[in-house]
Amino acid sequence: QRQGDPKKSMPVFKTAGVDSADVVVTAHATNMNSIGWVIYDSAKKNGLEMVISGEGTHFHGFADKVIGLKAALHAMSGNPIVAVA
């Protein structure tokens, strides 16, 4: 039977205020340099905290994005309203 690799996981980037925010935007970006910082800057410009999953991975499919969302949700300690970008 196939086993998962414990050395591989979905990376999550959080802004500093995520844990106390009322509203948090989540997104999936495999390359922060190409699109991740654009999403991040847009959220911060509008006063929103951000959690981005997937940096440095090749996880592009729908299931990967769902797992990234789950990883993002688990990375938050509060109970904010979550907007998925």
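Okay, so let's go over this structure. Bear in mind the structure is a predicted one, so any value in this text is a computation, not a measurement.

With that settled, the discussion passes to the pattern of salt bridges. For the structure shown, the criterion picks out 2 salt bridges. Among the ionic pairs, D19 bridges to K14, the shortest N-O distance being 3.2 Å. Judged by its relative accessible area of 36%, D19 is partly exposed. For K14, a relative accessible area of 31% gives the class partly exposed. A salt bridge links K44 to E49, with the shortest nitrogen-to-oxygen separation between them at 3.3 Å. Classification of E49 as buried rests on a relative accessible area of 15%.

Glancing now at helix α2 (residues 62–75). Compared with an ideal rise of 1.5 Å per residue, which puts 14 residues at 20 Å, α2 spans 20 Å between its outermost C-alpha atoms and is within 8% of the ideal. Inspection of α2 places G68, A71 and A72 among the buried residues, and these make up the whole buried set. End-on view of α2: buried residues confined to an arc of 100°, all on one side of the axis. Turned more than 90 degrees from where α2 packs its buried face, F62, K70 and H74 sit exposed. Lining the buried residues of α2 we find β1 (12–14), β2 (23–28) and β3 (49–53).

Parameters and conventions
Residues numbered from 1 in each chain as written. Predicted model: local features only at pLDDT ≥ 70, side-chain atom pairs only at ≥ 80, totals over all residues. Heavy atoms only, no water. Salt bridge = Lys/Arg side-chain N within 4 Å of Asp/Glu carboxyl O. Buried < 20%, exposed > 50% of the residue type's maximum accessible area, 1.4 Å probe, protein only. Helix = DSSP H or I, 4+ residues; strand = E, 2+ residues; numbered from the N terminus. Expected span 1.5 Å × (residues − 1). Arc of directions from axis to C-beta. Contact = heavy atoms within 4.5 Å.

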